[in-house]
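# Residue-level structure breakdown
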Amino acid sequence: MRVQQYYGELRKKGLANNTIRKHHVLLHAALGAAVRQGIVRDNVADLVTPPAREAPRHRFYDSSQLRKLFCASEGSQLEIAVKLAGCLGLRRSEIAGLRWRCVDLSAGIIVIQEVRTEVGGREVVKLPKTQSSIRRLGISGSPELVSLLQRTLEQRRSTDSEEYVVLKSDGTPPTPNYLTEALLHIVRENHLPPITLHGLRHSFASVANSQGVPMYDISKALGHSSISVTSNIYTHLFDETESRTLQAVAQAIRP
């Protein structure tokens with residue numbers, strides 16, 4: 001009863017169903033370990049009903065809105081972060097963890113092999129959560145991004161290749177939460193629809209899909225473990241693609 005009440009308390013605090021389910025999964029795993037170690041007799045999390053899973057709602061920009069945000073961020077500390085998310089579909093932790101040793105401008109390659117995040121208010125640098133998230137991305141096709149990285153590289157205060165690409169004005173790396181707040185400030189100042197860095201990752205997928213890029217290629221660029229993961233996350237995008245496909249076929253065979 002106490003566990004079920006706990007889920008109700010989380011709901012009253014405004015947490016979404018999917019977030020409460022994460023609490024349930026963590027509690028179930030902890031109590032399962034306690035059962036195996038003989039600390040408790042039963043896993044009471046088996047006897048409660050977690051809230052129903054909700055389909056995630058993703059906010060994203062179209063190409064026109066992305067261009068407006070790019071223009072609004074020009075010259076700011078956040079410009080690189082915004083363009084890495086919008087042009088390459090990088091996660092916030094991947095942007096925060098990108099070091100100059102992973103950027104080869106002469107070859108036009110960025111290697112994603114490390115992430116930086118926050119856990120309990122403490123900064124953590126680690127490997128990406130899946131092997132597929134470790135990837136090489138070609139940036140030669142994004143001359144604006146290459147030019148921005150080149151200028152930033154030339155203006156660096158340090159020659160240390162271990163230095164992070166995205167820095168604050170004082171030369172220190174921003175926390176992931178700092179990046180979120182800075183983006184929110186730019187969006188509000190320029191009267192753009194609300195968006196997060198992860199929303200810009202969704203925007204990358206949306207624009208790629210609208211340009212007819214195959215799902216497999218989008219999945220590889222995003223660092224997903226399989227096409228099914230990409231399909232499940234971006235169902236709303238690919239449904240629109242299927243509608244356009246059916247419409248095109250109908251027009252072609254119309255008398």
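Quick look at the structure, then. If you're wondering where the values come from, they're calculated on a predicted model, not measured in any experiment. (Residues numbered from 1 in each chain as written. Predicted model: local features only at pLDDT ≥ 70, side-chain atom pairs only at ≥ 80, totals over all residues. Heavy atoms only, no water.)

### Topic: the overall build of the chain
Basically, it comes down to this: Numbering goes from the N terminus for both helices and strands, where a helix is a DSSP run of H or I of at least four residues and a strand is a run of E of at least two. Relative accessible area decides the class of each residue, using a 1.4 Å probe on protein chains only: under 20% of the type maximum gives buried, over 50% gives exposed, and in between gives partly exposed. When checking whether two residues touch, look at their non-hydrogen atoms; a contact exists if any pair is within 4.5 Å. Throughout, the Shrake-Rupley method with a 1.4 Å probe supplies accessible areas, and for residues the shown protein chains are the sole cover considered. The charge count treats Lys and Arg as positive and Asp and Glu as negative. His and the chain ends do not count. Just so you know, the charge point we use is NZ for Lys, CZ for Arg, CG for Asp and CD for Glu.
Counting secondary structure elements, the chain contains 11 helices and 5 strands. Here the C-alpha coordinates of the chain stretch approximately 70 × 60 × 35 Å along the principal axes. Looking at the chain residue by residue over its 255 residues, the buried ones come to 37%. Pairs at least 24 residues apart make up 60% of the contacts formed inside the chain by residues separated by at least 6 positions. Carbon and sulfur atoms form 54% of the exposed surface of the chain, whose accessible area is close to 15100 Å². For the chain, the distance from the average site of its 33 positive side-chain charges to the average site of its 24 negative ones is 6 Å.

### Things to note about the environment of Gly-223
Relative to the assigned elements, Gly-223 resides in the loop between helix 9 (215-222) and helix 10 (227-233). Overall, the relative accessible area of 2% leaves Gly-223 in the buried class. Remark: the alpha-carbon pair of Gly-223 and Gly-86, spanning 137 residues in sequence, is separated by 15 Å. Discounting residues that sit within four places of it in the chain, Gly-223 has contacts with Arg-91, Thr-130, Ser-132, Ser-133 and Arg-135.

### Quick look at the environment of Asp-46
By secondary structure assignment, the location of Asp-46 is in the loop between helix 2 (17-36) and helix 3 (63-73). Looking at Asp-46, the relative accessible area reads 53%, which means it is exposed. For the pair Asp-46 and Gln-4, spaced 42 residues apart in sequence, the C-alpha to C-alpha distance is 11 Å.

### A look at the state of the cysteines
To be explicit about the condition: Cysteine sulfur atoms are paired as a disulfide whenever they come within 2.5 Å of each other.
Scanning the entire structure with this criterion turns up 0 disulfides. With no disulfide of its own, Cys-87 has Cys-71 as its nearest cysteine by sulfur position, at a separation of 12 Å. For Cys-87, a relative accessible area of 25% gives the class partly exposed.

### Here's the deal with unusual backbone geometry
With a phi close to 55°, His-191 is a non-glycine residue in the positive phi region. Residue placement: His-191 occurs in the loop between helix 7 (176-189) and helix 8 (197-210). By relative accessible area, His-191 is classed as exposed at 74%.

### Brief notes about the sheet that holds strand 2 (residues 109-112)
Pairing between sheet strands relies on hydrogen bonds along the backbone, with the strands arranged either parallel or antiparallel. Note the threshold: Two strands pair if DSSP finds at least two bridges between them.
Strand order in the open sheet formed by 3 strands is 1-2-5, and the pairing between neighbours is antiparallel. At either end of the open sheet lies a strand with only one pairing partner, and these are strand 1 (103-104) and strand 5 (135-138). Strand direction decides the pairing type here: strand 2 and strand 5, joined by 4 bridges, are antiparallel. What sits directly across from Ile-112, in strand 5, is Arg-135.

### A look at the nonpolar core
Definition in use: Grouping buried Ala, Val, Leu, Ile, Met, Phe, Trp, Tyr and Cys residues that are joined through side-chain atoms within 4.5 Å yields what is termed a nonpolar core.
In this structure, Leu-69, Leu-84, Ile-110, Leu-149, Leu-183 and Leu-200 are the most contacted members of the largest nonpolar core, which totals 38 residues. Per element, the largest residue contribution to this core is 6 residues, and it comes from helix 4 (residues 79-88). Among all residues touching Leu-183, those that are not within four sequence positions of it are Leu-69, Leu-78, Val-82, Ile-195, Thr-196, Leu-197 and Leu-200.

### Observations regarding the layout of surface pockets
Applicable threshold: Cavity means a closed set of points on a 1 Å grid over the protein atoms alone, one where a 1.4 Å probe fits but cannot get out, pocket means an open set with protein on both sides within 12 Å along at least 5 of 7 lines, and lining means a residue has an atom within 4 Å of a point. Grid points are joined across faces, edges and corners, and a volume is the space filled by probe spheres set on the points. In this classification, Asp, Glu, Lys and Arg are treated as charged, Ala, Val, Leu, Ile, Met, Phe, Trp, Tyr, Cys and Pro as nonpolar, and every other residue, Gly included, as polar.
For the largest pocket, the calculated volume is near 660 Å³. For the largest pocket, the lining is made up of 27 residues, of which Arg-91, Arg-92, Ser-93, Lys-129 and His-198 are closest to its centre. Of all the elements in the fold, those that place two or more residues in the lining of the largest pocket are helix 5 (92-96), strand 3 (115-119), helix 7, helix 8 and helix 10. For the lining of the largest pocket, the per-class residue count stands at 8 nonpolar, 12 polar and 7 charged.

### Re the pairing of strand 3
Taken together, the 5 bridges between strand 3 and strand 4 (residues 122-126) define a ladder with antiparallel strand orientation. Following the sheet pairing, Glu-118 is matched in strand 4 by Glu-123. Linkage of strand 3 to strand 4, two consecutive antiparallel strands, is achieved through a turn of 2 residues, within which Gly-120 is found at a positive phi near 60°.

### Some points on the packing of aromatic side chains
Counted only if it meets this: A pair of Phe, Tyr and Trp rings is counted when the ring centres sit within 6.5 Å of each other, with Trp represented by its six-membered ring. The angle between the planes then sorts it: under 30 degrees is stacked, over 60 is edge-to-face, the rest tilted. Placement of a charge over a ring requires the Lys NZ or Arg CZ to be within 6 Å of the ring centre, with the centre-to-atom vector within 35 degrees of the ring normal.
Tallied over the full model, the rule gives 1 aromatic pair. A ring pair is formed by Tyr-6 and Tyr-7, whose centres lie 6.0 Å apart and whose planes are at 50°; its orientation type is tilted. Looking at Tyr-7, the relative accessible area reads 4%, which means it is buried. Positioned above the aromatic ring of Tyr-164 is the side chain of Arg-116, whose terminal nitrogen or guanidinium carbon lies 4.5 Å from the ring centre. The positively charged end of Lys-168 is found above the aromatic ring belonging to Tyr-178, 5.0 Å away from the centroid.

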